[in-house]
Amino acid sequence: MAAANDVPSEDQFLCSICLDVFTDPVTLPCGHNFCKTCITEHWDRSDRCQCPMCKKEFNTRPELHVNTLFSEMAAQFRQSPQLKASSSSSSEQQVFKPGEVPCDVCTETKLKALKSCLVCLTSYCETHLEPHLTMSGLKRHQLIDPVENLEDRMCLKHDKPLELFCKTDQTCVCMLCHVSDHKMHDVVPLKEGYEGEKAELETETQQMIQKRQLKIEEIKHSVDLSKEEADREIAEGVQVFTALKEFVERGQANLINTIKEKQKTTENQAEDFIKKLEQEISELQKRSSEVEQGTHSEDHLHLLQRFMSLKVAPPTKDWTEVSIHSSHEGTVVRAVVQLEETFSKEMKKQLEAELKRVQRYAADVTLDPDTAHPYLILSVDGKQVRYGGVKKNLPDNPERFTDCICVLGKQSFSSGRFYFEVQVKGKTEWELGVARESINRKGEIKLSPRCGNWSIWLRNGNEYKALAGPSVLLSLKSQPQKVGVFVDYEEGLVSFHDVDAAALIYSFTGCSFTEKIYPYFNPSMNDGGQNSSPLIISPVRVN
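**Here we look at the layout of surface pockets**
Reasoning step 1: If you add up the space inside the largest pocket, you get close to 1400 Å³.
Reasoning step 2: If you trace the largest pocket, you find 35 residues lining it, with H42, K55, V119, C120 and L121 closest to the centre.
Reasoning step 3: Secondary structure elements with two or more residues in the lining of the largest pocket: α1 (36-45) and α5 (136-139).
Reasoning step 4: No other element matches the 5 residues that α1 contributes to the lining of the largest pocket.

Okay, structure coming up:
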């Protein structure tokens, strides 16, 4: 039997809900005691009527009566030195600050929570945590570092703590979930799940970091290559323009020398003419003087004989048709023509070099049968397309063109540069270029960059146009037999080349590409057999 002076322990007089000394304690049919207000509010918040301690459920809410004896004992305990000492120690605890978790039990000054209970879904300061550390029934509860919103840690379906992690469904579950909905799943404790997910996330993050670091290196390398290419282009450009400048300067010097030499020749010729004329004038003046002297003589016979001798050898040159003509006309024109020929040769050389440069980006392009209009016939290797004249019974898949007699390449491009060549020999009509992925495939297509197409075409055998919206009539020196198409995605450039002549046909510049683009082909209808030749994607051979 216990001694009369035994002091009851504090946990005997603490409500397990508010964790404070009982106020109006009531006893449930299962024998557990709670403050009347605490158990009433607990049942009001819950959809079940059960004991918070043993979880025994009651069909109807029990009638609550205050346990008078227990109430008096709790009142006496309130005045005991033991409780006052406990209360005074709480004053030494820290008052919670913004950003910290407050104690849910403190009614006046909220103290900083020391732990949170996943069973009670309550956070406790040091004083109110004491029962969980001393009472045998509460010691089994799971305590964690203080957190807010403890309700989020409960299973909404079973009202149990989320203690497990389902790796199969990647979600947190309770014990009842494990044996019901997730019975056959890979379920592990939260700590193991956390460590596994953390390791996986760290690995994934490191891989993402490495990929981005590699991309940075790739971009830096691309910049270095671009700088090298820019320096090379500048050097070549300076060399070309220096040579052209020197040629122009030599041409200018030659032009000036030629004109000066011609002028000198003209002046020398004039001086020679003047000298001869002056000599003849001198002779004529001498004759005139002799005639004048004879007029003073009376010997007419002698004078007549003298006049006859003077007439024997007069100056015989007829100066009527003699003149000095300028020989400078056309000199400048001929010099400019010569300069133009030199420029043309240099231009041809540069165009040949440019064609070789873009041919380095040759792509292996094949035709995509899923996009081909039903009237088109494609070769087995996907390199040739021609108009068949008979509509084939093909599935109307979303990619297929139904109005425009065209086909796209299988290969798409969303960055970088690419080039391909198409033989157009023997055709009187065709269309070539590139198109964006979202181009209209089920209706009429207006070929223009605004509608997602960058193309040129041939009509009537010799009418070439760039479909720039509005179209641009092209004047070509020769009819291309093979057309090269080059695209620089980032620069926004689409250029067309006459491969055999190494000549530039047309360039679309300043294009804005925001999606995948595909090679575009339209062999056009047969035109009574005159246009029956196929478009042929040719292997690229650098000249």
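**So, unusual backbone geometry**
Reasoning step 1: At the junction of G469 and P470, the peptide bond is cis and its omega measures out at 5° in the coordinates.
Reasoning step 2: Examined against the element boundaries, P470 turns out to sit in the loop between β15 (463-466) and β16 (472-474).
Reasoning step 3: With phi around 55°, Q170 is a residue other than glycine that occupies positive phi space.
Reasoning step 4: Looking at where Q170 falls in the secondary structure, it is placed in the loop between β6 (164-166) and β7 (171-173).
Reasoning step 5: With a relative accessible area of 45%, Q170 lands in the partly exposed category.
Reasoning step 6: Positioned with a positive phi, A502 is a non-glycine residue whose angle comes to about 50°.
Reasoning step 7: With respect to the element layout, A502 can be found in the loop between β18 (493-498) and β19 (503-508).

**What about the packing of aromatic side chains?**
Reasoning step 1: Applying the stated criterion across every chain yields a total of 11 aromatic pairs.
Reasoning step 2: Judged by centre distance (5.6 Å) and plane angle (15°), the ring pair of Y375 and Y387 falls under stacked. Of the two residues, Y375 is situated in the loop between α9 (331-359) and β9 (376-378) and Y387 in strand β10 (residues 384-387); the sequence distance between them amounts to 12 residues.
Reasoning step 3: Measuring from centroid to centroid gives 6.4 Å for F418 and F420, while their planes differ by 5°, and the two rings are stacked. F420 matches F418 in its accessibility class, with the two residues each being buried.

**Considering the nonpolar core**
Reasoning step 1: W430, V483, V494 and F521 are the most contacted members of the largest nonpolar core, which totals 36 residues.
Reasoning step 2: Discounting chain neighbours no more than four positions away, the residues touching W430 are V424, I456, W457, L458, R459, Y464, V483, N522, S524 and L535.
Reasoning step 3: In terms of nonpolar packing, the next biggest core, distinct from the first, is built from 32 residues, C15, F34, I39 and C103 among them.

**Some words on the pairing of strand β17 (residues 482-488)**
In summary, the side chains of a regular strand alternate between the two faces of the sheet.
Reasoning step 1: Across the 7 residues that make up β17, a large majority, 7, are buried.
Reasoning step 2: The two faces of β17 match: K482, G484, F486 and D488 on one face and V483, V485 and V487 on the other face are all buried.
Reasoning step 3: As paired strands, strand β12 (residues 417-423) and β17 are joined by 7 bridges and run antiparallel to one another. The partner of Y419 across the bridge, within β17, is F486.
Reasoning step 4: Sheet topology places β17 next to β18; 6 bridges connect them, and they run antiparallel. Its bridge partner being in β18, V485 is matched across the sheet by F496.
Reasoning step 5: Connecting the antiparallel pair β17 and β18 is a turn made up of 4 residues, with G492 showing a positive phi of about 70°.

Analysis parameters
- In every chain, residue numbers begin from 1 and rise along the written sequence.
- Local features in a predicted model are, by the rule used here, given only for residues with pLDDT of at least 70; side-chain atom pairs are given and counted only at 80 or more, and totals for whole chains, interfaces and linings are based on all residues.
- Side-chain metrics rest on all non-hydrogen atoms present in the structure, leaving aside hydrogens and water.
- Here a cavity means grid points, on a 1 Å grid over the protein atoms only, where a 1.4 Å probe fits yet cannot get out; a pocket means an open set of points with protein on both sides within 12 Å along at least five of seven lines; lining residues are those with an atom within 4 Å of a point.
- Grid points are joined across faces, edges and corners, and a volume is the space filled by probe spheres set on the points.
- Helix and strand assignments come from DSSP, with helices taken as H or I runs of at least 4 residues and strands as E runs of at least 2, each series counted from the N terminus.
- Partly exposed residues are those whose accessible area sits between 20% and 50% of the maximum for their type, while under 20% is buried and over 50% is exposed, using a 1.4 Å probe and protein chains only.
- Within 6.5 Å between ring centres, the rings of Phe, Tyr and Trp (the latter by its six-membered ring) count as paired, and their orientation is classed by plane angle as stacked under 30 degrees, edge-to-face over 60, tilted in between.
- Here, the term nonpolar core denotes a set of buried Ala, Val, Leu, Ile, Met, Phe, Trp, Tyr and Cys residues that are joined through side-chain atoms within 4.5 Å.
- Only heavy atoms enter the contact rule, under which two residues are in contact if any of them lie within 4.5 Å.
- Only strands joined by at least two bridges in the DSSP assignment are considered to pair.

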